[in-house]
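# Topology and contacts: notes
What follows is the residue order along each chain.
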Amino acid sequence: MKPLSLLIEILIILGVTIKNIEAEKHNKNQKERNVTTQVSMNEIKQFLSHTLEQRKLNKVSNKRETLLGKKKNQRKLRIKGIQNKDLLKRNKNHSKKPAKKNFADEGDQLFKMGIKILQQSRNQKQKEEAYILFAKAADMGNLKAMEKMADALLFGNVGTQNITAAIQLYESLAKEGSYKAQNALGFLSSYGIGMEYNQAKALIYYTFGSAGGSMMSQMILGYRYLSGINVLQNCEVALNHYKKVADYIADKLEKSEGIPVEKVRLTERPENLSSNSEILDWDIYQYYKFLAERGDVQLQVSLGQLHLIGRKGLDQDYYKALYYFLKAAKAGSANAMAFIGKMYLEGNAAAPQSNATAFKYFSMAANKGNAIGLHGLGLLYFYGKGVPVNYAEALKYFQKAAEKGWPNAQFQLGFMYYSGSGVWKDYKLAFKYFYLASQSGQPLAIYYLAEMYATGTGVLRSCRTAVEKRLKFLKKRRCTQWHFSYGIELPFKDIHLARRLYDMAAQTSPDARIPVFFALMRLETVHLLQDILFFNFTMRRKWKKLDNTLGPYWDLFVIGLIVAMLIFLLRNRYR
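## What about the overall build of the protein chain?
- If you tally the helices and strands in the protein chain, you get 24 helices and two strands.
- Pairs at least 24 apart in sequence give 54% of the contacts found in the protein chain among residues at least 6 apart.
- Total accessible area computed for the protein chain in this model is approximately 33,500 Å², and 56% of it derives from carbon and sulfur atoms.

Structure (structure tokens):
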């Protein structure tokens with residue numbers, strides 16, 4: 001037993017030593033990061049304070065210039081006896097300098113650069129660089145950059161959270177018509193965070209925000225009128241607010257004209273790949289890659305789909321998607337042929353847009369009776385892409401694909417009968433096909449069902465059913481995830497942000513502490529479950545990173561080193 005206990009002691013000592021080394025490295029990196037963060041945050045604070053002061057000075061100077069200009073013009077008019085109103089307009093236009101436009105353009109460029117850096121950022125330092133650019137753009141009067149800076153101050157995205165400064169900036173932006181600022185002020189005044197608790201004022205802010213184009217304000221007002229929160233319950237008003245959001249999203253979807261990427265289902269290999277799990281285990285992915293390279297056609301198609309849409313923890317990669325689809329198509333897979341046709345129809349970096357190539361692959365798939373291929377040919381004839389518009393041919397292909405259960409084809413048939421495109425209008429048939437497609441979650445089918453219930457077209461009008469359909473449509477599109485527990489009306493995708501907002505609510509109102517406590521308990525449980533869910537995947541990633549850094553046989557080297565140490569210690573012990 002002694003050697004065993006000795007081995008355990010050595011492993012414990014080795015583990016503690018490794019942890020100490022990692023802790024030292026972490027502390028060193030943290031210190032370096034703190035220094036850079038401090039420098040960056042000082043710059044941001046300087047820009048912000050300068051921006052707010054500059055805006056106040058500009059307002060004062062603009063008022064003075066306006067008064068002086070008016071007096072000067074009146075004096076001139078009295079002397080010359082000219083009473084021409086157009087002269088005043090010409091004088092104002094003449095006073096505008098071209099330099100002002102250049103200044104605004106420069107601010108717009110800085111804002112776009114900041115957005116690009118923020119989207120590609122992988123660490124805090126890069127995020128801070130983006131916000132420095134936003135601060136510079138804000139200093140030049142760029143409203144979008146100011147909105148970004150206000151959000152950063154409110155949520156503490158970079159540096160210390162400063163709600164008071166955020167509110168000042170939001171109020172300044174709201175006066176200039178920023179709907180995002182109106183929405184933010186509505187939220188803050190609705191819960192008394194950093195400002196007076198005032199539901200009437202919140203409603204006004206949300207109303208102005210929705211009028212300015214804020215989809216979030218529209219959703220909040222829709223929910224309030226539907227549930228009667230601080231307003232009289234009114235289904236019709238709620239329906240109107242939800243309709244505006246639904247119309248906006250449906251318009252974007254219809255412009256794509258292709259197969260909605262999010263609705264492309266994993267058509268083959270149901271186990272593991274088509275499960276509800278968010279992340280594909282790293283070892284399983286490597287195993288599937290191995291099998292795909294060895295000629296497993298089903299896995300080639302499935303991996304192609306995963307890379308095409310970027311699912312299961314894999315990055316969207318058109319080149320890899322096309323690679324796997326081509327291998328499977330060569331082996332005779334109709335699904336692979338159809339997806340190659342889809343890629344060429346929509347166009348991307350790996351497969352440049354080509355109607356002719358899309359027609360070729362859709363035809364190959366359709367000849368094998370593939371539903372996606374049949375639907376693809378229907379789209380080409382319906383929209384006249386590479387072929388003359390032919391509704392009769394489109395109808396034929398959509399019907400064949402719909403009979404095979406393809407939801408996008410069912411939707412297209414519903415749309416043809418709803419709009420009378422190439423067929424007589426038939427709302428009963430339109431409802432039938434929209435309903436069939438909606439059962440598979442086709443978003444546009446749900447949208448048109450809501451329209452039919454809202455207007456009483458082909459069905460008995462029902463405000464409540466229309467609202468329910470619109471909410472279902474918005475949920476399917478994942479435009480926002482609305483959380484109404486204890487009334488927090490923000491799209492939560494970030495657990496840390498949710499926790500911070502709950503803390504803010506608890507600090508503001510003593511009555512909120514008990515419900516916030518229970519909400520936080522629920523939140524922490526969700527967080528713990530997420531950590532458990534992602535633990536296996538992240539650990540695999542770390543091992544993989546270690547393999548790349550130290551070589552594939554680092555574990556054998558460590559085992560050998562431990563054995564050598566044991567032999568050395570045991571020999572010294574028994575001498």
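Still to come is the rest of the account.
## Details of the packing of helix α8 (residues 199-212) against helix α9 (residues 215-227)
- Between α8 and α9, the least distance of the axes is 8 Å, while the angle of their chain directions is 130°. The angle between the axes of α8 and α9 places the two elements in the oblique class. Crossing geometry of α8 relative to α9 is assigned as left-handed. Between α8, through Q199, L203, Y206, T207, G209 and S210, and α9, the contact on the second element is made entirely by S217, Q218, I220, L221 and R224.
- Counted by class, the contact of α8 with α9 contains four nonpolar, six polar and one charged residues.

## What to know about the nonpolar core
- In terms of nonpolar packing, the biggest core is built from 118 residues, with Y170, L188, F325, F411, F434 and F473 touching the most fellow members.
- Residue contributions to this core peak at nine residues, all from helix α20 (residues 443-455).
- When neighbours within four sequence positions are excluded, L188 is seen to be in contact with L154, I167, Y170, I193 and M195.

## Focus on unusual backbone geometry
- Despite not being glycine, N230 shows a phi value in the positive range, around 60°.
- Inspection of the secondary structure puts N230 in the loop between α9 and α10 (235-256).

## A word on the side chain of S189
- Structurally, the position occupied by S189 is in helix α7 (residues 179-191).
- A polar contact of 3.3 Å, which involves the side chain of S189, links it to the backbone oxygen of G186.
- Leave out the neighbours within four places in its chain, and S189 touches M195, E196, Y197, N198, K201, A202 and Y205.

## Considerations on the side chain of R224
- Relative to the helices and strands, R224 is located in helix α9.
- Engagement of the side chain of R224 in a polar contact is seen with the side chain of Q199, the distance being 3.1 Å.

## Thoughts on the packing of helix α16 (residues 371-383) against helix α18 (residues 407-419)
- At a minimum axis distance of 10 Å, the contact between α16 and α18 shows a crossing angle of 30°. Judged by the inter-axis angle, α16 sits roughly parallel to α18. The handedness of the crossing between α16 and α18 is left-handed. Every residue of α18 that contacts α16 at H375, L379, F382 and Y383 is listed here: N408, A409, Q412, F415 and M416.
- Considering only residue class, the contact of α16 with α18 consists of six nonpolar, three polar and no charged.

## Here we look at the confidence of the model for the protein chain
- The share of residues in the protein chain with pLDDT of 70 or more is 63%, and the mean pLDDT across the chain is 75.
- Note on residues 257-272: pLDDT under 50 across the span, and 58 contacts to partners over four residues away in sequence or across chains.
- Note that pLDDT drops below 50 for residues 479-494; the model gives that stretch 46 contacts with residues more than four away or on any other chain.

## A closer look at the packing of aromatic side chains
- In this structure the tally under the stated criterion is 26 aromatic pairs.
- Each ring, one from F382 and one from F415, has its centre 6.4 Å from the other, and the planes form 70°; the classification is edge-to-face. Taken together, the residues span a long stretch of sequence, with F382 in helix α16 and F415 in helix α18 at a distance of 33 residues.
- Residue F382 is classed as buried on the basis of its relative accessible area of 8%.
- Plain terms: the ring middles of Y418 and Y427 are 5.9 Å apart, the flat faces sit at 70° to each other, and that makes the pair edge-to-face.

## Some details on the environment of L374
- The residue L374 is located in helix α16 in this model.
- The class for L374 is buried, based on a relative accessible area of 5%.
- The sequence separation of L374 and M364 amounts to 10 residues, and the corresponding C-alpha distance is 9.7 Å.
- Apart from residues no more than four positions distant in its own chain, L374 is found in contact with A366, G369, Y397, K400, A401 and K404.

## Concerning the state of the cysteines
- Going through the model one piece at a time under the given rule, you end up with one disulfide.
- With a sulfur-sulfur separation of 2.1 Å, C235 is cross-linked through a disulfide to C463. The chirality of the disulfide connecting C235 with C463 is left-handed, given an S-S dihedral of about -105°. Placement of C235 in helix α10 and of C463 in helix α21 (residues 463-477) is noted, with a sequence separation of 228 residues between them.
- Judged by relative accessible area, which is 10%, C463 ranks as buried.

## Regarding helix α4 (residues 124-139)
- Compared with an ideal rise of 1.5 Å per residue, which puts 16 residues at 22 Å, α4 spans 22 Å between its outermost C-alpha atoms and is within 8% of the ideal.
- Among the residues of α4, those classed as buried are E128, A130, Y131, I132, L133, F134, A135, A137 and A138.
- Of the residues flanking the end of α4, it is G141, one or two places downstream, whose phi is positive at about 90°.

## Regarding the pattern of salt bridges
- Under the defined criterion, the tally for this structure stands at seven salt bridges.
- Where R461 meets E236, a salt bridge forms, and the shortest distance between an N and an O atom there is 2.9 Å. You can see R461 sitting in the loop between α20 and α21 and its partner E236 sitting in helix α10, a full 225 residues away along the chain.
- Among the residues examined, E236 registers a relative accessible area of 39% and is labelled partly exposed.
- Note that D247 is salt-bridged to K243, the shortest N-O span being 3.1 Å. You can see D247 and its partner K243 sitting in helix α10, four residues apart, about one turn around the helix.
- By relative accessible area, D247 is classed as partly exposed at 25%.
- In this structure, a network of salt bridges that share partners links the residues K243, D247, E451 and R470.

The rules behind the values
- All residue numbers here refer to positions counted from 1 along the written sequence of the relevant chain.
- Per-residue local features are limited, in this predicted model, to residues with pLDDT of at least 70; the limit for side-chain atom pairs, both in listing and counting, is 80 or more; totals at the level of whole chains, interfaces and linings are taken over all residues.
- The side-chain figures draw on all heavy atoms in the structure; neither hydrogens nor water molecules are used.
- Each helix is a run of DSSP H or I of at least 4 residues and each strand a run of E of at least 2, with the numbering of both proceeding from the N terminus.
- We call two residues in contact whenever any of their non-hydrogen atoms come within 4.5 Å of each other.
- To measure how exposed things are, a 1.4 Å probe is used in the Shrake-Rupley method; for residues, cover is taken only from the protein chains shown.
- Helix axes are fitted only over the stretch in contact, all axes being lines through C-alpha atoms; the angle between N-to-C directions runs from 0 to 180 degrees.
- For this classification, under 35 degrees means roughly parallel, over 145 means roughly antiparallel, 65 to 115 means roughly perpendicular, and everything else is oblique.
- By convention, the crossing between two helices is left-handed when the near helix turns anticlockwise from the far helix through less than a right angle, and right-handed when the turn is clockwise.
- Amino acids are sorted into nonpolar (Ala, Val, Leu, Ile, Met, Phe, Trp, Tyr, Cys and Pro), charged (Asp, Glu, Lys and Arg) and polar (every other residue, Gly among them).
- For this analysis, a nonpolar core means a set of buried residues of the types Ala, Val, Leu, Ile, Met, Phe, Trp, Tyr and Cys, connected via side-chain atoms within 4.5 Å.
- A simple rule labels every residue: compare its accessible area, found with a 1.4 Å probe on the protein chains alone, to the largest value its type can have, and call it buried under 20%, exposed over 50%, or partly exposed in between.
- Between N or O atoms, a polar contact is any pair within 3.5 Å; within protein, one atom must be a potential hydrogen donor and the other a potential acceptor, and residues adjacent in sequence are included only when both atoms are from side chains.
- The pLDDT value expresses, per residue, how confident the predictor is, ranging between 0 and 100.
- Here is the rule: rings of Phe, Tyr and Trp (six-membered ring for Trp) pair when centre to centre is within 6.5 Å. Planes less than 30 degrees apart are stacked, more than 60 are edge-to-face, and the remainder are tilted.
- We call a pair of cysteine sulfur atoms a disulfide whenever their separation is within 2.5 Å.
- Helix span is expected to be 1.5 Å times the residue number reduced by one.
- When a carboxyl oxygen of Asp or Glu is within 4 Å of a side-chain nitrogen of Lys or Arg, the pair counts as a salt bridge.

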